[in-house]
Amino acid sequence: MEGVLKRALESGRPVEIIYEAKDGTLSQRKVTIHRMNEKDALVWCHTKNGLRSLKIQNILSASPVRKNHA
């Protein structure tokens, strides 16, 4: 999963993540990663329409956003 996040940071392409908040609630989000270190990621959350700081350990899954082909 860390590789997916690093590639998304390098390419500027959004990823779909499943994130666990500190209260245990899960959310599925589409994010674009702006900065990342070993512990945290600063992302633009397309779902919540704003900048968010997320803990890497709380990102349960990450996958590239797939384009729909009509």
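Okay, so let's go over this structure. (Residues numbered from 1 in each chain as written. Predicted model: local features only at pLDDT ≥ 70, side-chain atom pairs only at ≥ 80, totals over all residues. Heavy atoms only, no water.)

### As for the sheet that holds strand S4 (residues 50-55)
- Read across the open sheet, the five strands follow the order S4-S3-S2-S1-S5; overall the sheet is antiparallel. Strands at the two margins of the open sheet, each flanked by one partner only, are S4 and strand S5 (59-64). Direction aside, neighbouring strands of the sheet carry axes that sit 45 degrees apart on average.
- Across five bridges, strand S2 (residues 26-36) lies against strand S3 (residues 40-45) in antiparallel orientation. By the bridge assignment, Arg35 is partnered in S3 with Leu42.
- Packing against the sheet, helix H1 (residues 2-11) makes contact with strand S1 (15-20), S2 and S5, and its axis sits at approximately 55 degrees to S2. (Pairing = 2+ DSSP bridges. Helix = DSSP H or I, 4+ residues; strand = E, 2+ residues; numbered from the N terminus. Axes fitted to C-alpha atoms, helices over the stretch in contact; angles between N-to-C directions. Contact = heavy atoms within 4.5 Å.)

### Details of the nonpolar core
- Core analysis: the biggest nonpolar cluster contains 15 residues, and Leu5, Val15, Ile17, Val31, Val43, Ile59 and Ala62 have the highest contact counts within it.
- Those residues in contact with Ile59 that lie beyond four places of it in its chain are Met1, Leu5, Ile17, Ile18 and Tyr19. (Core = buried A, V, L, I, M, F, W, Y, C linked by side-chain atoms within 4.5 Å. Buried < 20%, exposed > 50% of the residue type's maximum accessible area, 1.4 Å probe, protein only.)

### What to know about the side chain of Thr32
- Position of Thr32 among the secondary structure elements: in strand S2.
- Residue classification places Thr32 among the buried residues on the basis of a relative accessible area of 13%.
- A polar contact of 2.7 Å, which involves the side chain of Thr32, links it to the side chain of His46.
- Other than its neighbours up to four places away in sequence, Thr32 contacts Gly12, Pro14, Leu42, Val43, Trp44 and His46. (Polar contact = N/O pair within 3.5 Å; in protein donor to acceptor, adjacent residues only side chain to side chain.)

### A closer look at a nonpolar patch on the surface
- Taken together, Ile18, Leu26 and Leu60 make up a surface patch of nonpolar side chains, about 270 Å² in accessible area.
- Of the residues examined, Leu26 reaches a relative accessible area of 56% and is grouped as exposed. (Patch = residues over 30% accessible without salt bridge, like charges linked within 9 Å, V, L, I, M, F, W, Y side chains within 5 Å. Areas by Shrake-Rupley, 256 points an atom, 1.4 Å probe, with all protein chains shown as cover. Salt bridge = Lys/Arg side-chain N within 4 Å of Asp/Glu carboxyl O.)

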